[in-house]
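Here is what each chain is made of, one letter per residue.
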Amino acid sequence: MAPARLLLVDDDDSVLTGLGVVLEAYEFDVTTASNVAEALKYIAAEHFDVLLSDLHMPGAGDGLIVAGAMRHANPSAVTLIFSANPDMAKATAAVLRQVDQVL
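Summarised in this report is the structure supplied together with it. The structure presented is a predicted model; accordingly, all values stated were derived computationally and were not measured. (Residues numbered from 1 in each chain as written. Predicted model: local features only at pLDDT ≥ 70, side-chain atom pairs only at ≥ 80, totals over all residues. Heavy atoms only, no water.)

1. With respect to the pattern of salt bridges
What the rule picks out here adds up to 3 salt bridges. As a salt-bridge pair, R5 and E46 come within 2.7 Å of each other at their nearest N and O atoms. Here E46 lies in the loop between α2 (36–45) and β3 (50–54) and R5 lies in strand β1 (residues 5–9), a separation of 41 residues in the sequence. Residue classification places R5 among the partly exposed positions, given a relative accessible area of 23%. A salt bridge links R71 to D100; the shortest N-O distance between them is 3.1 Å. Of the two residues, R71 sits in helix α3 (residues 63–73) while D100 sits in the loop between α4 (88–96) and β5 (101–102), which places them 29 residues apart along the sequence. When its relative accessible area of 14% is taken as the criterion, R71 is described as buried. (Salt bridge = Lys/Arg side-chain N within 4 Å of Asp/Glu carboxyl O. Helix = DSSP H or I, 4+ residues; strand = E, 2+ residues; numbered from the N terminus. Buried < 20%, exposed > 50% of the residue type's maximum accessible area, 1.4 Å probe, protein only.)

In structure tokens:
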């Protein structure tokens, strides 16, 4: 069985590197994106089984934009949003966009 394809999105390089290594150790095929625009390009071009995205990122867009794009392009993908600084309004919006879990 092929490993699950996972898109990891975060603006913090240490999170991308560290969490990417951990997820690969658990046999995920990990692709990383450091911003919303990069994540959207991957989502448009490739199929993913799982999205793990930071909620808050600098620049245009945030994790909710990424989750919405993933839900549209890969409706069966598991979508997970995480944040060190949860904002209840955004967490509620995430649930309404069919995010599977806010961490």
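2. A look at the side chain of D54
Position of D54 relative to the elements: it lies in strand β3. Apart from residues no more than four positions distant in its own chain, D54 is found in contact with V9, D10, D11, G63, F82 and S83. (Contact = heavy atoms within 4.5 Å.)

3. Here's the deal with the sheet that holds β3
In sheet architecture, strand pairing relies on hydrogen bonds along the backbone and comes in two forms, parallel and antiparallel. Taken in spatial order, the 5 strands line up as β2-β1-β3-β4-β5 in an open sheet, and their pairing is parallel. Each edge of the sheet is formed by a strand with only one pairing partner; in this case those strands are β2 (29–33) and β5. Packed onto the sheet, α2 meets β1 and β2 and runs at close to 140 degrees relative to β2. Against the sheet, α3 touches β1, β3 and β4 (78–82), its axis set at about 165 degrees to β3. (Pairing = 2+ DSSP bridges. Axes fitted to C-alpha atoms, helices over the stretch in contact; angles between N-to-C directions.)

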